[in-house]
Amino acid sequence: MMEHDDIHKKIAASLESLDGVSRATPAPYLLTRINAKLNALEAPNFWSRAGALLSKPKIAGIGMMVFIVMNIFVINSLKKNNTPAALTQGTTNIRYDFAINVSSIYDIENQEP
Amino acid sequence: MNQADILERLKMGDNAVFADIVNLWQDMVYNTALGIVQNEEDAEDITQEVFVQVYESIGDFREEAKLSTWLYRITISKSLDMEKKKQRQKRGGLLKRIFEPTEAEVPVSFDHPGVKLDNKENAAALFNAIRKLPEKQRLAFVLQKLESLSNEEIGAVLQMSVVAVDSLLARARTNLKSILKGYYEKNLK
């Protein structure tokens, strides 16, 4: 019974513990810290400016177009060069460049007696 | 200077008025944030963020509400955001603890600097219980106890009727009694 009363007293005391509480105050120079935060927000660095520029729809669109045109150009130029003669030429060049002496069926056939 | 003049000058970018606003309301903002997040560092960060937002979005302020009501709303919103961020970090921490078990975590006891010395222990138990209340009840109780707002003012901040605030506070009290009962039954034995 005594314990029950104690608990009720503690609950009542806890609920009243914030009566007459005074306001907590922040650390000094809060305004200075806020101003520093505002200045940091107002002066963006190189990367944030570059990011902001690239995220503009016009710039992003132009960038995408340039990328697509460059890809088309590269694909077309590869198609032009991709003939069997050019390929053979390329292989022969590599063979001479690296001095690879590969024996093949053609080498055997062309051997002089 | 009345509210309309303050707002007019603030919208024109008058830094002296902004400094006056910070000096006038910094304790109110900090104390409210501290009551909600129960952590001095977080409350300090929230206070800074609140005034940065005031500076940036003063143009959006509709003059039908009081400036202090608007400040309370921003403070509450920032405090709840901070809590959500902390909870996300805690969840990440839980995964970490599963893989790298460390020593058991001690429950945090909050000591509000404005509480009288002889009430510190009881207030710590109360703050612990406040943390377990549903969000709206917690906000209403904090505004009533720490900021001494009337039910009408709490209603304006939380955008609800006075009757709803009455009922919210009554439920908060009932829940707090039950939480504290459980706490003291465990700790008085």
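Residues numbered from 1 in each chain as written. Chains lettered and ligands numbered in written order. Predicted model: local features only at pLDDT ≥ 70, side-chain atom pairs only at ≥ 80, totals over all residues. Heavy atoms only, no water.

Turning our attention to the interface of chain B and chain A. Across the contact, 44 residues belong to chain B and 28 residues belong to chain A. With both chains or domains summed, chain B and chain A bury close to 3,200 Å², and 68% of this area falls on carbon and sulfur atoms. Applying the counting criterion to the chain B and chain A interface returns three salt bridges. For the side of chain B that touches chain A, the secondary structure elements donating two or more residues are helix H2 (15-37), helix H3 (40-57), helix H5 (120-130), helix H6 (135-147) and helix H8 (162-187) of chain B. Among the residues forming the side of chain B that touches chain A, the class breakdown is 22 nonpolar, eight polar and 14 charged. (Contact = heavy atoms within 4.5 Å. Buried area = accessible area lost by both parts, 1.4 Å probe. Salt bridge = Lys/Arg side-chain N within 4 Å of Asp/Glu carboxyl O. Helix = DSSP H or I, 4+ residues; strand = E, 2+ residues; numbered from the N terminus. Nonpolar A, V, L, I, M, F, W, Y, C, P; charged D, E, K, R; others polar.)

What follows concerns the packing of H5 of chain B against H8 of chain B. Residues and elements named next belong to chain B. Relative orientation of the contacting elements H5 and H8 amounts to 120°, with a least axis distance of 9 Å. As judged from the angle between their axes, H5 and H8 are oblique. In the crossing of H5 with H8, the sense of the turn from one axis to the other is right-handed. Two secondary-structure elements touch here, H5 through Asn122, Ala125, Leu126, Ala129 and Ile130 and H8 through Leu176, Ile179, Leu180, Tyr183 and Tyr184. Residue composition of the contact of H5 with H8, grouped by class: nine nonpolar, one polar and no charged. (Axes fitted to C-alpha atoms, helices over the stretch in contact; angles between N-to-C directions. Parallel < 35°, antiparallel > 145°, perpendicular 65-115°, else oblique. Left-handed = near helix turned anticlockwise from the far one by under 90°.)

Residues and elements named next belong to chain B. Applying the stated criterion across every chain, the model contains four aromatic pairs over all chains. Consider the rings of phenylalanine 18 and tyrosine 55, whose centres lie 5.0 Å apart with planes at 70°: the pair is edge-to-face. With phenylalanine 18 in helix H2 and tyrosine 55 in helix H3, the pair connects residues that are 37 residues apart, well separated along the chain. The buried category is assigned to phenylalanine 18, whose relative accessible area is 2%. Judged by centre distance (4.8 Å) and plane angle (40°), the ring pair of phenylalanine 61 and tryptophan 70 falls under tilted. Judged by its relative accessible area of 14%, tryptophan 70 falls in the buried class. (Phe/Tyr/Trp six-rings, centres within 6.5 Å; stacked < 30°, edge-to-face > 60°. Buried < 20%, exposed > 50% of the residue type's maximum accessible area, 1.4 Å probe, protein only.)

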